[in-house]
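Breakdown of the fold
The residues making up each chain are set out below.
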Amino acid sequence: MTKLCVLGMGYIGLPTALLFANNGIEVVGVDVNEKVVSTLQQGKMHFEENGFQELLDSAMEKESFRASAKVEEADVFLVAVPTPFDTEFRMADLKYVISACEMVVPHLKKGNLVIIESTIPPKTCEKRVRKILELSGLKASQDFYISHCPERAIPGNTLHEMVNNDRVIGGLDKKATELTRDLYSSFVKGNLYLTTSTTAEMIKLMENTYRDVNIALANELSMLAEDYGINIWEAIEIANKHPRVNIHKPGPGVGGHCIAIDPWFLTENANNSSLITLARNINDSMPIHVLKKVKEMVNGIECPVITVFGVAYKGDIADTRATPALKFIKLAEKEGFTIKIYDPFVKEFEYPILSLEEAVEGSDCIVVLTDHSMFRNIPREEFFGKMRNRNVVDTRNVISKSIIHPYI
Ligand SMILES: NC(=O)c1ccc[n+]([C@@H]2O[C@H](COP(=O)([O-])OP(=O)(O)OC[C@H]3O[C@@H](n4cnc5c(N)ncnc54)[C@H](O)[C@@H]3O)[C@@H](O)[C@H]2O)c1
């Protein structure tokens, strides 16, 4: 039986480890966070997502998964640790990937395969990962193998997407690619596209950059539409009936840990990247634009109270990483506005989360920043509650016209 050691028991590493463990692979899940390890050792998940607990229960029952604080000898090592964004230098911070690879070095043996699932800039496998792993005295593509297999699963539907999405697999050499393909075939039902490690690194970043640039276009079009006094949502819907047009949705900016970050990983070593950089800057500036609209709404009101609907970076999830809502809130506070927040999904945030009733009481303007689907169904009397002034800025087009129409 193949033995796999997965480093990083987070949103990506843990479900990946469990899918392997439920499909004939012996898996050791390693994390540097002791709390994560001890929670998993007790057979419990340290975060919630549909189907994860069942998968953990079944792997524990099969005795094919165990959590550990230490890396140990294995046939395959899989790295799924964070690659945060270095805001100062606008580039990937590879410290976790580097330390994970260093942890593998003492255990590396001839014939081993090392897979990087973390999102990384082009050439990272070839230049950085290889160099660290060769400190073992073994030679890449001769004694052991390296590949990149980026993850594209969406939080909230991770398991389905991990199993059914197509995947890109890129090895430093053909054998690395083939070994990785054989491993993932154990549970992936989507197509496996084989290429080189640098191409795989680039593809993952290109996908998210495409989306970021497209959103920037939608945001710019929405600002133009405001100037022309037209409804951008109607315009995009009709434009997208064209068989070769797919304009994304405008909004208050881009959040999360992929789309808002990955374009910088692509441009960090590039000399010519004006479009990608411009798109990033447009999306980053959207909270300022939303604030401008709110200021127009509450103009003349003394000490305005603003209610933010939704601080998650996207609809129907609790994730607030890099959410544009935080930037909007900080800007609005600087303006002297009092902020109240309602988000039915988010439990932990830098600011208190209130009930709907508390959040709208005494408010002068509701600003919808997240497209949680339940916002669509709030009855009118509850939506406005005891607001002081019934103003609404809906950056996501989720609130029914029948609710806000008479007031904006
Ligand atoms: N979450 C997503 O939706 C998603 C989607 C696609 C790609 N990715 C990429 O996958 C990678 C992992 O992201 P995530 O969301 O799973 O991160 P995460 O923060 O949820 O989990 C990462 C885990 O790695 C652990 N860790 C850090 N250094 C370690 C080390 N040296 N050894 C062992 N464990 C270590 C942390 O303690 C943490 O538990 C990132 O590169 C991310 O960009 C994430």
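Residues numbered from 1 in each chain as written. Predicted model: local features only at pLDDT ≥ 70, side-chain atom pairs only at ≥ 80, totals over all residues.

**Regarding the overall build of the chain**
Broken down by element type, the chain carries 15 helices and 14 strands. Its C-alpha atoms give the chain a radius of gyration of 24 Å, within 12% of the compact-globule value 22 Å for 408 residues. Dimensions along the principal axes, computed over C-alpha positions, put the chain at roughly 70 × 50 × 40 Å. Among the 408 residues that make up the chain, the fraction classed as buried is 43%. Taking all contacts inside the chain whose residues are at least 6 apart in sequence as the whole, residues at least 24 apart take part in 73%. (Helix = DSSP H or I, 4+ residues; strand = E, 2+ residues; numbered from the N terminus. Rg over C-alpha atoms; globule rule 2.2 N^0.38 Å. Buried ≥ 20, exposed ≤ 12 C-beta atoms within 10 Å, placed from the backbone. Contact = placed C-beta atoms within 7 Å.)

**So, the sheet that holds strand β7 (residues 113-116)**
As summarised here, the arrangement of the 8 strands in space is β3-β2-β1-β4-β7-β8-β9-β10, forming an open sheet in which the pairing is mixed. In this open sheet, the two strands that pair with only one neighbour each are β3 (65-68) and β10 (192-196). Within the sheet, the average angular offset between the axes of one strand and its neighbour, ignoring direction, is 25°. Relative to strand β4 (residues 76-79), strand β1 (residues 3-7) runs parallel, the two sharing 4 bridges. By the bridge assignment, C5 is partnered in β4 with F77. Against the sheet, helix α4 (residues 95-104) touches β1, β4 and β7, its axis set at about 165° to β4. Of the strands in this sheet, β7 and β8 (145-148) are in contact with helix α5 (residues 124-133), which crosses β8 at around 140°. (Pairing = 2+ DSSP bridges. Axes fitted to C-alpha atoms, helices over the stretch in contact; angles between N-to-C directions.)

**Looking at the sheet that holds strand β14 (residues 392-394)**
Judged by pairing direction, the sheet is parallel, and its 4 strands sit side by side in the order β12-β11-β13-β14 without closing on themselves. Only two strands of the sheet have a single partner each, and these edge strands are β12 (338-342) and β14. Between one strand axis and the next, the sheet turns through 20° on average, direction left out of account. Across 4 bridges, strand β11 (residues 305-309) lies against strand β13 (residues 365-368) in parallel orientation. Pairing of F309 across the sheet is with V368, part of β13.

**Some remarks on helix α3 (residues 52-62)**
Those residues of α3 not exposed but buried are L55, L56 and A59. When α3 is viewed along its axis, its buried side chains cluster within an angular range of 100° and face the same direction. Close packing links the buried residues of α3 with α1 (13-21) and β3. Backbone geometry just downstream of α3 places E63 in the positive-phi region, at approximately 60°. (Arc of directions from axis to C-beta.)

**Digging into the site of the ligand**
Among the 28 residues in the neighbourhood of the ligand, the closest are listed as G8, G10, Y11, I12 and S118. When residues of the shell around the ligand are assigned to their parent elements, the largest contribution, 4 residues, is made by α4. Counted by class, the shell around the ligand contains 16 nonpolar, 9 polar and 3 charged residues. (Near = placed C-beta within 6 Å. Nonpolar A, V, L, I, M, F, W, Y, C, P; charged D, E, K, R; others polar.)

**A word on the domain arrangement of the chain**
Along its sequence, the chain is organised into domain 1 (3-190) and domain 2 (251-272 + 284-407). Across the contact, 8 residues belong to domain 1 and 9 residues belong to domain 2. Along the lines of polarity and charge, the residues of the side of domain 1 that touches domain 2 split into 5 nonpolar, 2 polar and 1 charged. (Domains from an automatic or database assignment.)

**Some remarks on the nonpolar core**
Core analysis: the biggest nonpolar cluster contains 75 residues, and L7 and V79 have the highest contact counts within it. The residue makeup of this core includes at least three contributed by each of domain 1 (3-190) and domain 2 (251-272 + 284-407). Not counting the four nearest positions on each side in its chain, L7 is found in contact with V30, V71, F77, V79, A80, V81, A100 and M103. In this structure, A312, A332, V360 and F383 belong to the second largest nonpolar core, which totals 35 residues. (Core = buried A, V, L, I, M, F, W, Y, C linked by C-beta atoms within 7 Å.)

**Description of the packing of α5 against helix α8 (residues 197-228)**
Direction vectors running N to C along α5 and α8 enclose 115°, while the axes themselves pass 8 Å from each other. Taken together, the axis directions place α5 and α8 in an arrangement best described as roughly perpendicular. On α8, the residues that touch T124, C125 and E126 of α5 are S197, T198 and E201. Among the residues forming the contact of α5 with α8, the class breakdown is 1 nonpolar, 3 polar and 2 charged. (Parallel < 35°, antiparallel > 145°, perpendicular 65-115°, else oblique.)

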